[in-house]
Amino acid sequence: MSKLPTISGRKCVKALAKVGFKLKRQQGSHMILRRDEPFSQVVVPDHKQLDRGTLRAIVRHAGLSVQDFLALL
């Protein structure tokens, strides 16, 4: 398993935007991103540093592998 880097929430959003995710809304520090085809919705905290476990869960909910996500960064 590849090791995920420590990145910010905004950098994660920029990477997910490359595969079709768009910011739907923001509630407090949580950014809700949505993609229509194939449908997927993820919540990304707007923090300076995301925990690796949180980032891994976001990648999994987005339907990506860790290697695919690392290629987007």
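Residues numbered from 1 in each chain as written. Predicted model: local features only at pLDDT ≥ 70, side-chain atom pairs only at ≥ 80, totals over all residues. Heavy atoms only, no water.

Student: Pulling in residues and values, what's your account of the sheet that holds strand β2 (residues 30-35)?
Tutor: The strand order across the open sheet formed by three strands is β1-β2-β3, and the pairing between neighbours is antiparallel. Looking at the sheet topology across the chains shown, the edges are occupied by β1 (22-27) and β3 (40-45). Across the sheet, the axes of successive neighbouring strands diverge by a mean angle of 25 degrees, strand direction being ignored. Relative to β2, β1 runs antiparallel, the two being bridged by five bridges. Each residue of the ladder has a partner; that of L23, found in β2, is L33. Together, β2 and β3 form the strand contacts of helix α1 (residues 9-17), whose direction differs from that of β3 by roughly 155 degrees. (Pairing = 2+ DSSP bridges. Helix = DSSP H or I, 4+ residues; strand = E, 2+ residues; numbered from the N terminus. Axes fitted to C-alpha atoms, helices over the stretch in contact; angles between N-to-C directions. Contact = heavy atoms within 4.5 Å.)

Student: Outline the pattern of salt bridges, listing residues and values.
Tutor: A side chain with one charge can pair with a side chain of the opposite charge if their charged atoms come near. Per the counting criterion, the structure on display carries one salt bridge. Notably, a salt bridge pairs R10 with D46, separated by 2.9 Å at the nearest N-O pair. One end of the pair, R10, is in helix α1; the other, D46, is in the loop between β3 and α2 (52-61), with 36 residues separating them in the sequence. Judged by relative accessible area, D46 falls into the partly exposed class, the value being 23%. (Salt bridge = Lys/Arg side-chain N within 4 Å of Asp/Glu carboxyl O. Buried < 20%, exposed > 50% of the residue type's maximum accessible area, 1.4 Å probe, protein only.)

Student: Mind laying out α2, listing which residues take part and the relevant values?
Tutor: Restricting attention to buried positions, one finds in α2 the residues L55, I58 and V59. Down the axis of α2, the smallest arc covering the buried residues is 100 degrees, so these residues share one side. Those residues of α2 that are exposed and angled more than 90 degrees off the buried face are G53, R60 and H61. Here the buried face of α2 lies against α1, β3 and α3 (66-72). (Arc of directions from axis to C-beta.)

The values reported here are purely geometric and, on their own, carry no functional implication.
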